[in-house]
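Summary of structural features
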Amino acid sequence: MEMDPQQKRAALRAINYGLYIVTATHGGQTAAAGVNWVTQASFDPPLVVVCIKPGTETHDLALESGGFVVNVVGADQIDVAKSFFRPTVVEGDTLNGFTFHTSPVTGAPHLVDLPYWFEATVTDTVTTGDHTIIVGQVVGAGVHDDTVEPLVLRSTGMNYGG
Ligand SMILES: Cc1cc2nc3c(=O)[nH]c(=O)nc-3n(C[C@H](O)[C@H](O)[C@H](O)COP(=O)(O)O)c2cc1C
């Protein structure tokens, strides 16, 4: 039986996602992107997977530097996230207007207004389909505010998937 494209889309969009700002820095350049295809993939070592579109600055800088940071967007922070669906502007210690600190291992920024972050060094990439599957080992992490619940993408009415 042929797969019904509408049912395929509805079923894939029913995967629960959060929303994350992935950042990377290399050679004095920094990029950040709003991303939902993120998951943990191993306890020991602690591995995570992010799927990033080739040709975006964040993709290229993550692979060139061999590292990236994942910033977790909080439940009431969709407006912060929306500024990261556009090209990144770095001014002083701000990224698209939001203050960042430099992560110790990867040198990529973590955003102080977002509640949780972790940094990872790239261990593997899988080149298949239209996004690169980037596997990273978590080498640093921090909590800016542990009272904040992470955002659930579906609650925003936005989607990326299907
Ligand atoms: C809701 C939403 C989720 C997104 N999720 C992803 C994702 O998982 N992976 C990805 O590569 N791009 C994703 N994007 C697109 C990126 O945000 C966009 O390509 C990015 O801003 C490119 O920035 P850059 O060229 O500065 O790196 C998503 C966009 C939206 C609106």
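Residues numbered from 1 in each chain as written. Predicted model: local features only at pLDDT ≥ 70, side-chain atom pairs only at ≥ 80, totals over all residues. Heavy atoms only, no water.

**Comments concerning the overall build of the chain**
Note the threshold: Counting from the N terminus, the helices are DSSP H or I runs at least four residues long and the strands are E runs at least two residues long. The quantity called the radius of gyration is restricted to C-alpha atoms. Its globule counterpart is 2.2 Å times the number of residues to the power 0.38.
Summing up its helical and strand segments, the chain has three helices and 11 strands in all. Taken from N to C terminus, the helices and strands of the chain fall in the order α-β-β-β-β-α-β-α-β-β-β-β-β-β. On C-alpha atoms alone, the chain measures out to a radius of gyration of 16 Å, which is about the 15 Å that the 2.2 N^0.38 rule sets for 162 residues. Structurally, the chain occupies a C-alpha span of about 55 × 35 × 30 Å along its principal axes.

**Remarks on the site of the ligand**
Selection rule: We call a residue near a molecule or strand as soon as one heavy atom of that residue lies within 4 Å of the molecule or strand. Think of a polar contact as two N or O atoms within 3.5 Å of one another; within protein, one of them needs to be a possible hydrogen donor and the other a possible acceptor, and neighboring residues in sequence only count if both atoms come from side chains. To measure how exposed things are, a 1.4 Å probe is used in the Shrake-Rupley method; for residues, cover is taken only from the protein chains shown. Side-chain classes are defined by residue name, with Ala, Val, Leu, Ile, Met, Phe, Trp, Tyr, Cys and Pro counting as nonpolar, Asp, Glu, Lys and Arg as charged, and the others, Gly among them, as polar.
Not every one of the 18 residues close to the ligand is listed here, only the nearest: Gly-34, Trp-37, Cys-51, Lys-53 and Thr-58. Cys-51 is positioned with one of its backbone polar atoms (N or O) 2.9 Å from a nitrogen atom of the ligand. Within the backbone of Phe-84, a nitrogen or oxygen atom sits 3.2 Å from an oxygen atom of the ligand. Burial of the ligand by the surrounding chains reaches 85%, relative to a free accessible area of 640 Å². Looking at the shell around the ligand, the elements with two or more residues in it are strand S2 (29-35), strand S4 (47-52) and helix H2 (57-65). When residues in the shell around the ligand are grouped by element, the largest group, four residues, is from S2. Tallied by class, the residues present in the shell around the ligand amount to 10 nonpolar, six polar and two charged.

**Description of the environment of Ala-33**
How we decide: Throughout, a residue-residue contact means that at least one pair of heavy atoms, one from each residue, lies within 4.5 Å.
Note on placement: Ala-33 falls in strand S2. A sequence separation of 101 residues divides Ala-33 from Ile-134, and the C-alpha atoms of the two residues are 14 Å apart. Beyond its immediate sequence surroundings of up to four residues, Ala-33 is in contact with Tyr-20, Ile-21, Val-22, Thr-58 and Phe-84.

**Considering the pairing of strand S8 (residues 98-102)**
Short version of the rule: Note on pairing: DSSP must find at least two bridges between two strands before they are called paired.
Both strand S7 (residues 94-95) and S8 contribute to a ladder of two bridges, which runs antiparallel. Across the sheet, Leu-95 pairs through a bridge with Phe-98, a residue of S8. Hairpin geometry of S7 and S8 is characterised by an intervening segment of two residues between the two adjacent antiparallel strands and by a positive phi of about 50 degrees at Asn-96. Counting the residues in the hairpin turn of S8 and strand S9 (residues 109-111) gives six residues, including Gly-107, whose phi is positive at 75 degrees.

**Re the nonpolar core**
Keep this limit in mind: As used here, the term nonpolar core means buried Ala, Val, Leu, Ile, Met, Phe, Trp, Tyr and Cys residues forming a set that is joined through side-chain atoms within 4.5 Å. Note on exposure labels: buried denotes an accessible area under 20% of the residue type's maximum, exposed denotes more than 50%, and partly exposed covers the range between, all computed with a 1.4 Å probe on protein chains only.
Val-22, Val-35, Val-38, Val-50, Ile-52, Phe-68 and Val-70 are the most contacted members of the largest nonpolar core, which totals 18 residues. Sorting the residues of this core by element identifies strand S1 (20-26), S2, S4, H2, strand S5 (67-72) and strand S10 (116-128) as the ones contributing at least two each. Those residues in contact with Val-38 that lie beyond four places of it in its chain are Tyr-20, Val-49, Val-50 and Val-70. Ala-32, Ile-78, Phe-84 and Phe-100 belong to the second largest nonpolar core, which has 14 residues in total.

**Description of unusual backbone geometry**
Following Asp-44, the chain continues into Pro-45 via a peptide bond in cis, with omega recorded as 5 degrees. Its location among the elements puts Pro-45 in the loop between strand S3 (38-42) and S4. Phi at Asn-96 is positive, roughly 50 degrees, even though this residue is not glycine. Along the chain, Asn-96 falls in the loop between S7 and S8. For Asn-96, a relative accessible area of 17% corresponds to the buried category.

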